[in-house]
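# Secondary and tertiary structure notes
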Amino acid sequence: MLIKKADLPLVLAELKKLYPKVIIPLQHKNAWQLLMAVILSAQCTDARVNQITPHLFKKYPTPQKLAAAEVADVEKMIHSAGFYHSKALSLIESSRRICEVYGGQVPQSMRELLTLRGVARKTANVILGDYFGTPEGVVVDTHVKRLSFRLGFTRQTDPVKIEQDLMKLIPHGQWQWIGIALILHGRSLCPARKPLCEKCPLSPWCPKNGVK
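Below: a short report on this structure. The model shown is predicted, which means the values in this text are computed figures rather than measured ones. (Residues numbered from 1 in each chain as written. Predicted model: local features only at pLDDT ≥ 70, side-chain atom pairs only at ≥ 80, totals over all residues. Heavy atoms only, no water.)

### Digging into the packing of aromatic side chains
Evaluation of the coordinates by the stated rule reveals 2 aromatic pairs. For the pair Trp32 and Phe57, a centre-to-centre distance of 5.5 Å together with 50 degrees between the ring planes defines the contact as tilted. Here Trp32 is found in helix H2 (residues 31–40), whereas its partner Phe57 is found in helix H3 (residues 46–59), with 25 residues between them in sequence. Measuring from centroid to centroid gives 5.2 Å for Tyr131 and Phe132, while their planes differ by 85 degrees, and the two rings are edge-to-face. For Tyr131, a relative accessible area of 35% puts it in the partly exposed group. Positioned above the aromatic ring of Trp177, the side-chain terminus of Lys16 is 4.4 Å from the ring centre. In this structure, Arg155 is placed above the aromatic ring of Phe149, and the distance from its NZ or CZ to the ring centre is 4.0 Å. (Phe/Tyr/Trp six-rings, centres within 6.5 Å; stacked < 30°, edge-to-face > 60°. Helix = DSSP H or I, 4+ residues; strand = E, 2+ residues; numbered from the N terminus. Buried < 20%, exposed > 50% of the residue type's maximum accessible area, 1.4 Å probe, protein only. Lys NZ or Arg CZ within 6 Å of the ring centre and 35° of its normal.)

The following block contains the structure:
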């Protein structure tokens, strides 16, 4: 079942109590560094990415420097992030396009961000929402997908369709917040294997507990 219209504000209010201010846990000093970190974070923990990026940005402090880097050198620095060959190409080629097409500045629209190698809607939504404050959608990762289904926000399984449902359901001003809040909740209280339902304030609305 989908969530009842009357229940949605209650669920969002409880989430707001838990995560009143959401800050993306990837360390960065500017939009380009955040973009590089998000690309690295695919199927990798934020903690691991935060171990890699200080050394990466020390050696390549600007998009121009990284755009001119040798793939093999970048691969060595990011090896522990997994999928290091593909990610190294994405870091270099997206930095190169930023320099050649966008004047060294990370573009600020979904359409332009999606022209960068390694950037899909999830990554673009992080940059637009968390750095520029102009979300054009909702971040949908595995946590958001799982919790959105459990809470009855959607019955879809495709991330694009899930995002579309969330954009219809959640007020625009909360698009940036809801994605990160659900990610944090998925990590802290609602992991896939052993959700801590007895500690979760959202349990009254969760179908896992037989409420719906």
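Now that the structure is up, let's keep going.
### A word on the environment of Leu8
Along the chain, the position of Leu8 falls in helix H1 (residues 8–18). Put simply, Leu8 and Gly152 are 144 residues apart on the chain and 9.6 Å apart in space, counted from C-alpha to C-alpha. Ignoring sequence-local partners within four residues, the contact set of Leu8 consists of Ile3, Phe153, Leu169 and Ile170. (Contact = heavy atoms within 4.5 Å.)

### Section: the pattern of salt bridges
Counted under the stated rule, the structure contains 5 salt bridges. The shortest N-O distance in the salt bridge between Glu112 and Arg111 comes to 3.9 Å. (Salt bridge = Lys/Arg side-chain N within 4 Å of Asp/Glu carboxyl O.)

### Observations concerning the environment of Arg96
Following the sequence through the fold, Arg96 ends up in helix H6 (residues 84–101). As for Arg96 and Leu116, which are separated by 20 residues in sequence, their C-alpha atoms are 9.2 Å apart.

### Description of the packing of H3 against helix H5 (residues 71–78)
Interaxial distance between H3 and H5 falls to 9 Å at its minimum, and their mutual angle equals 150 degrees. The orientation of H3 with respect to H5, classified from their angle, is roughly antiparallel. Two secondary-structure elements touch here, H3 through Ile52, His55, Leu56 and Lys59 and H5 through Asp73, Met77 and Ile78. Counted by class, the contact of H3 with H5 contains 4 nonpolar, 1 polar and 2 charged residues. (Axes fitted to C-alpha atoms, helices over the stretch in contact; angles between N-to-C directions. Parallel < 35°, antiparallel > 145°, perpendicular 65-115°, else oblique. Nonpolar A, V, L, I, M, F, W, Y, C, P; charged D, E, K, R; others polar.)

### What to know about the packing of helix H9 (residues 142–150) against helix H11 (residues 175–188)
In contact at an axis separation of 8 Å, H9 and H11 are set at 85 degrees when each is read in the N-to-C sense. In terms of axis orientation, H9 runs roughly perpendicular to H11. Every residue of H11 that contacts H9 at His143, Val144, Arg146, Leu147 and Ser148 is listed here: Gly179, Leu182, Ile183, His185, Gly186 and Arg187.

That is the geometry; function is a separate question.
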